[in-house]
Amino acid sequence: MHREIGRHWGERLGGLVVAGGLGIGLGLGIGLGACAERPSEPERTGAAAAAERAAARPSDGRVLLAWGSGSGALGYRAPGFERVAEGPSALALAPDGSVLLLDRLAGRIARVGAGGALETFASVPEDAEDVAVGPDGAVLAWSPLRAQAWLFEPGGAAAGELALSRSLREVVGLELGTSRRVAARTAYQELVDLGSPAAPTPLEVGLAGKREGAFVDDAGRGLAARVSGGTAELWVVRQAGPAATGAASSQGRRAEPVARHAIPGAVDAARVVGRSGDVACLRLERVVAEPAVAVTRRAVCLDVGDGTLVLDVALPPPGTYLPRRELAVGPSGLVHARPTADGLELVRHALPAAALAHAEVSP
């Protein structure tokens, strides 16, 4: 599979550092207030009902979380002489739609509650940089410096550790799947199985069975971004050989594209940032060189089955720093985190309930 597309100007691995872009789309509430009204309909159950409940959150939701000390604020270091700004480095969406923030300078994972109230979910080392949530609500934090990941139960209790081999290079993030299995997502848009804290997978076994695609669903479909000639596509690929059923892939074989969904507009860089059921979301960038170099950014979400565009919003320029994971996707929508001088701004963008009819209960 093609190396993940992206322009890397001063990039910390896992996020593009660029300037430019206009506007912020109005989003869905960050789990605040009562549910919005909707027409009566027959009662629904299961994943579809969970997706609709999440999508029925208040509109125009936007919250600013203040910087400061103590459990009610987020840790932040302002930029200074030969020093860049630092603060929360990643966010994830829990199955109930709540936002989890890696408040690394405070040594914790924080959960955003009603009205933007913060509570400590679990303690982590200050060098942790990424966070992910599994289908059952378990949470994973990762430190590239230590090559170590920490697993937590849905309630925040420690549930084990997993060491990563330093021979595995260009890892841009970790994903937590079913049965608490961890996968490393690489810059080549591939997933390498690392096993679980209870049963780690040897690196050579994980590499032999790696799956193609930045994200892979339970049916084995991989999702990858491709940009050529100013046009972006979302590729849906079928794993080569027996890998689609979880076994090692055949040597030398590549995944086959089963669908190529064109994304409207001129695009110079694209990255798949997440999926929820049959909806995949990407971050797009467009570079304009005249009269001066500027970069505009968008977030788009498509139906993986037929390529229908279900969300297309402009993203603002990066704030005081760029988090390693600034966008998170779940049944409750797409959430964008942007650090400002006054605090961390969270905006949730609605995904249509119809597009999430087959969404999982996990992000």
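Residues numbered from 1 in each chain as written. Predicted model: local features only at pLDDT ≥ 70, side-chain atom pairs only at ≥ 80, totals over all residues. Heavy atoms only, no water.

Enquirer: Mind showing me how you'd approach the pattern of salt bridges here?
Expert: When their charged atoms lie close together, side chains carrying opposite charge are able to pair. Using the criterion set out here, one finds 22 salt bridges in the structure. Among the salt bridges present, the one from D130 reaches R325, with a minimum N-O distance of 2.9 Å. One end of the pair, D130, is in strand 6 (residues 130-133); the other, R325, is in the loop between strand 22 (309-315) and strand 23 (327-330), and 195 residues separate them in sequence. R325 sits in the buried class, given a relative accessible area of 13%. Note that R185 is salt-bridged to E175, the shortest N-O span being 2.9 Å. Of this pair, R185 sits in strand 11 (residues 182-186) while E175 sits in strand 10 (residues 171-176), and the two are ten residues apart along the sequence. Each of the two residues, R185 as well as E175, counts as buried. Three or more residues joined by partner-sharing salt bridges are found here, namely R77, E86, R104 and E126. (Salt bridge = Lys/Arg side-chain N within 4 Å of Asp/Glu carboxyl O. Helix = DSSP H or I, 4+ residues; strand = E, 2+ residues; numbered from the N terminus. Buried < 20%, exposed > 50% of the residue type's maximum accessible area, 1.4 Å probe, protein only.)

Enquirer: Sorry if this is basic, but what is going on with the environment of E285 here?
Expert: For E285, the location among the structural elements is in strand 20 (residues 279-288). For E285 and R297, which are twelve residues apart along the polypeptide, the C-alpha to C-alpha distance reads 4.6 Å.

Enquirer: Whenever I open this one, unusual backbone geometry confuses me. Can you help?
Expert: Note: most peptide bonds trans; most residues except glycine with negative phi. In this structure, P291 follows E290 across a cis peptide bond, with omega equal to 0 degrees. Summarising the element assignment, P291 is placed in the loop between strand 20 and strand 21 (294-303). A positive phi angle, near 55 degrees, is found at E82, a position not held by glycine. As for its placement among the helices and strands, E82 is situated in the loop between strand 1 (62-66) and strand 2 (91-93). The phi dihedral of R180 is positive, around 60 degrees, even though this residue is not glycine.

Enquirer: Explain the packing of aromatic side chains to me, please; I cannot follow it from the model alone.
Expert: We describe a pair of aromatic rings using the distance from one ring centre to the other and the angle between the two ring planes. Using the criterion set out here, one finds one aromatic pair in the structure. Aromatic pair W67 and Y76: ring centres 4.2 Å apart, planes at 10 degrees, arrangement stacked. Taking the relative accessible area as the measure of exposure, W67 reaches 16% and is therefore buried. The ring centre of W235 lies 4.2 Å from the NZ or CZ of R260, which sits over that ring. (Phe/Tyr/Trp six-rings, centres within 6.5 Å; stacked < 30°, edge-to-face > 60°. Lys NZ or Arg CZ within 6 Å of the ring centre and 35° of its normal.)

Enquirer: Whenever I open this one, the state of the cysteines confuses me. Can you help?
Expert: By definition, a disulfide is the covalent link that joins the sulfur atoms of two cysteine residues. Applying the stated criterion across every chain, the model contains one disulfide. Here C281 is linked by a disulfide to C301, with a sulfur-sulfur distance of 2.0 Å. Looking along the S-S bond of the C281-C301 disulfide, the torsion reads about 105 degrees, which is the right-handed sense. On the criterion of sequence distance, the pair formed by C281 in strand 20 and C301 in strand 21 is long-range, its members being 20 residues apart. For the pair formed by C281 and C301, the shared burial category is buried. (Disulfide = S-S within 2.5 Å.)

Enquirer: Would you mind going over the sheet that holds strand 4 (residues 108-112) with me for this structure?
Expert: Strand pairing in a sheet takes place through backbone hydrogen bonds and is either antiparallel or parallel in direction. Taken in spatial order, the four strands line up as 2-3-4-5 in an open sheet, and their pairing is antiparallel. The open sheet has two edge strands with one neighbour each: strand 2 and strand 5 (118-123). Across the sheet, the mean angle from the axis of one strand to that of its neighbour is 30 degrees, orientation sign disregarded. As paired elements, strand 3 (residues 99-103) and strand 4 share five bridges and run antiparallel to each other. Residue pairing for strand 4: L102 is matched across the bridge by I109. (Pairing = 2+ DSSP bridges. Axes fitted to C-alpha atoms, helices over the stretch in contact; angles between N-to-C directions.)

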